Amino acid sequence: MTPEQFRAHAHQLVDWMADYLRDVGSRPVTPDVTPGQVRALLPATPPDEGEAFSRIFEDFQREIVPGMTHWNHPGWFAYFPANSSPPSILAEMLTATLGAQCMSWSTSPAATELEQVTMDWLRQLCGLPDSFTGVIQDTASTATLVAIISARERARTRSDAPLAVYASGEAHSSVAKAVRLAGLGDHALRVVPVDGSCAMRPDALRQMIDADRAAGLHPACVVATVGTTSSTAVDPLTPIGAIAREHDLWLHVDAAYAGSAALLPECRHHFAGIEAADSYVFNPHKWLLTNFDCTAYYVRDVPALLQACSISPEYLRTAHDADVANFRDWGIQLGRRFRALKLWFVLRSYGAEGIRAMLRQHIEFARQFRSWVESEPDFEVMAPSPFALVCFRHHPAGMDRAELDRHNEALLARVNASREVYLTHTRLSGRYTIRMAIGQWQTTEAHVARAWELVRGAASCEL
Ligand code: PLP
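Residues numbered from 1 in each chain as written. Predicted model: local features only at pLDDT ≥ 70, side-chain atom pairs only at ≥ 80, totals over all residues. Heavy atoms only, no water.

Peer 1: Lay out the nonpolar core with the relevant residues and their values.
Peer 2: Core analysis: the biggest nonpolar cluster contains 84 residues, and Y280, F392 and M436 have the highest contact counts within it. In terms of residue count, helix α12 (residues 340–375) provides more of this core than any other element does, 12 residues in total. Not counting residues within four places of it along the chain, the set of residues in contact with F392 comprises F369, V373, F379, E380, V381, M382, L423, T433, I434, M436 and V455. In terms of nonpolar packing, the next biggest core, distinct from the first, is built from 35 residues, A155, A167, A256 and A304 among them. (Core = buried A, V, L, I, M, F, W, Y, C linked by side-chain atoms within 4.5 Å. Buried < 20%, exposed > 50% of the residue type's maximum accessible area, 1.4 Å probe, protein only. Helix = DSSP H or I, 4+ residues; strand = E, 2+ residues; numbered from the N terminus. Contact = heavy atoms within 4.5 Å.)

The following block contains the structure:
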């Protein structure tokens, strides 16, 4: 494909992209496919000869798009959002065009320095301490693995005893995975009980640390979550931080979803105590208008991070190494995409106030949805809603626990069968719970109201 052919195809593609973004809400949010159906449409062997771009693009529209789940559909209320935006998409096009491999300062000086600037802008916007230095990782899972490895390395300088890592039972599964991948063994993860709002109990943390010390273990790290995956519970950072300092534990704070809310002064109290963290992660690719993947990882002690991750083979060394940040040494991977560009486009296009307006709107929609749930005697909310997630279930009289679970599972299936909206579930204290996570940039009050209408309709059908 010559540059001139590229130009013509790119114009065609951008027209398709603009139409898609405008009309995505009129598509079904989830595809109507069974396992293997898309694969069966595709040739089992690769082409010998190059094919015309027009045919590839036609096949994309005919065979691939109908099999996609539309994460940027305004009726997307599942999991957490993967909130993206037109400026971010445009920057991704430029990132792909530049095709830079941003492993070292010298392999793309502007990419490294823009990453430093955007990470510091984000730090300021979120009110994070100026002792924090940021780097972009691919995902929160990777950032948490880096944090656990950093904690392990620090602990190993103090003790040879088996290490223990603490997190609540509501912490994301990436914590358990990181403990395993860091070679600590699954038994090293100590699950701290939660209170009635699903937040870690500091008293229980302290007791477990004392018991583990007495049993000859070396407590190395505690992972606190601001905005747990199931219910957006907030672990109390101030007492957890005090315990971490007292016992010389690494404190890693996972705010993968909720971290964006720190842009709002009225949400800052959820992050009180963050200055005690050794590392902190949040995902602009969840609720900050930035395409997946883009994870902000902040550390207090850069040398500790380098100690854990830096290896400099001869072929990567340059004359500037002593004066620059080589981000290959700040994480797991060597090769790195130019992710800072999309964040820069987003922060400049919307500005802090534009982003705050979106976040406030989503939080207000969640407040409204919650008030509708609360106003119906047969429905109940299942957890506090500090951000833009509402956990709820239908609770008609006369059903036992198992019947209620089955009833709500069927209700959710009926809502999702509409393919107008998409919600997912969790279990809170063992009880089947429906999650309504609001966070797409094109979601309006009408989409939220429609979701509630579908839920109510499905509830009356199920009775
Ligand atoms: N931590 C929390 C609290 C999450 O909710 C999630 C995903 O939803 C993750 C970590 C994992 O995020 P990622 O997909 O970026 O690894």
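Peer 1: Describe the sheet that holds strand β10 (residues 389–394), with residues and values.
Peer 2: Read across the open sheet, the five strands follow the order β1-β11-β12-β10-β9; overall the sheet is mixed. In this open sheet, the two strands that pair with only one neighbour each are β1 (76–77) and β9 (379–381). The sheet contact formed by β10 and strand β12 (residues 431–437) spans four bridges and is antiparallel. Pairing of C391 across the sheet is with R435, part of β12. The strands touched by α12 are β9, β10 and β12; relative to β10, the strand with the most contacts, the crossing angle is about 15°. (Pairing = 2+ DSSP bridges. Axes fitted to C-alpha atoms, helices over the stretch in contact; angles between N-to-C directions.)

Peer 1: Please provide a residue-by-residue account of helix α1 (residues 3–23), values included.
Peer 2: For α1, with 21 residues, the first-to-last C-alpha span of 30 Å sits near the 30 Å given by 1.5 Å per residue. Taken residue by residue, α1 has W16, Y20 and L21 as its buried positions. Looking straight down α1, one finds its buried side chains confined to an arc of 130°; they lie on one side. What points out from α1, more than 90 degrees from its buried face, is the exposed set H11, D15 and R22. (Expected span 1.5 Å × (residues − 1). Arc of directions from axis to C-beta.)

Peer 1: Requested: an account of the packing of helix α8 (residues 202–214) against helix α9 (residues 237–246), with residues and values cited.
Peer 2: At a minimum axis separation of 9 Å, α8 and α9 run at an interaxial angle of 15°. In terms of their interaxial angle, α8 and α9 are classed as roughly parallel. Every pair of crossing elements has a handedness; the one defined by α8 and α9 is right-handed. In contact with P202, L205, R206 and I209 of α8, α9 contributes P239, I240, I243 and E246. For the contact of α8 with α9, the class distribution of residues is six nonpolar, no polar and two charged. (Parallel < 35°, antiparallel > 145°, perpendicular 65-115°, else oblique. Left-handed = near helix turned anticlockwise from the far one by under 90°. Nonpolar A, V, L, I, M, F, W, Y, C, P; charged D, E, K, R; others polar.)

Peer 1: So, the pattern of salt bridges: which residues are in play, and what are the values?
Peer 2: Evaluation of the coordinates by the stated rule reveals 33 salt bridges. A salt bridge links R62 to E63, with the nearest nitrogen and oxygen atoms 3.9 Å apart. Take E63: its relative accessible area is 15%, and that puts it in the buried class. Members of the salt-bridge network, linked through shared partners, are R154, R158, R245, D248, D278 and R300. (Salt bridge = Lys/Arg side-chain N within 4 Å of Asp/Glu carboxyl O.)

Peer 1: An account of the pairing of β12 is requested, with residue identities and associated values reported.
Peer 2: For β12, the buried fraction is high: six of the seven residues fall into the buried class. With five bridges joining them, strand β11 (residues 422–428) and β12 adopt antiparallel strand pairing. Bridge pairing links T424 to R435 in β12. Between β11 and β12, which pair antiparallel and follow one another directly, the connecting turn spans two residues, one of which, S429, has a positive phi of 50°.

Peer 1: Lay out the side chain of R435 in plain terms, naming residues and giving numbers.
Peer 2: Mapped onto the fold, R435 is located in strand β12. Buried charged residue R435 carries no salt bridge. Nearest counter-charge: E170, at 8.8 Å. (Lys, Arg positive; Asp, Glu negative; His and termini not counted.)

Peer 1: An account of the packing of aromatic side chains is needed here, citing residue identities and associated values.
Peer 2: The tally for this structure, following the rule as stated, stands at 22 aromatic pairs. Relative to F392, the ring of F379 lies with its centre 6.4 Å away and its plane at 45°, an arrangement referred to as tilted. In this pair, F379 is assigned in strand β9 and F392 in strand β10, connecting sequence segments 13 residues apart. Across the pair, F392 and F379 agree in class, each one buried. Over the ring of W344 we find R348; its NZ or CZ atom is 4.8 Å from the centre of that ring. Positioned over the ring face of F80 is R435, at 4.9 Å from the centre of the ring. (Phe/Tyr/Trp six-rings, centres within 6.5 Å; stacked < 30°, edge-to-face > 60°. Lys NZ or Arg CZ within 6 Å of the ring centre and 35° of its normal.)

Peer 1: I'd like a rundown of the side chain of E170, residues and numbers included.
Peer 2: Positionally, E170 belongs in the loop between β3 (163–168) and α7 (173–181). Contacts of E170, omitting those with residues within four sequence positions, involve V194, C198, T228, T229, S230 and L428.

Peer 1: Can you break down the site of the ligand residue by residue, with the values?
Peer 2: Residues in close proximity to the ligand total 13 residues, the closest being A140, S141, T229, D254 and N283. Within the backbone of A140, an N or O atom sits 2.8 Å from an oxygen atom of the ligand. Here an oxygen atom of the ligand and a side-chain polar atom of H285 are 3.2 Å apart. Put simply, the parts of the chain that give the shell around the ligand at least two residues each are α6 (140–156) and α10 (284–287). When grouped by side-chain class, the residues that make up the shell around the ligand number three nonpolar, eight polar and two charged. (Near = heavy atom within 4 Å. Polar contact = N/O pair within 3.5 Å; in protein donor to acceptor, adjacent residues only side chain to side chain.)

Peer 1: I'd love a proper account of the pairing of strand β8 (residues 295–299), names of residues and values included.
Peer 2: Most of β8 is tucked away, with five of its five residues classed as buried. The two faces of β8 match: T295, Y297 and V299 on one face and A296 and Y298 on the other face are all buried. Relative to β8, strand β7 (residues 279–282) runs antiparallel, the two sharing four bridges. From the neighbouring strand, F282 faces β8, where its bridge partner is A296.

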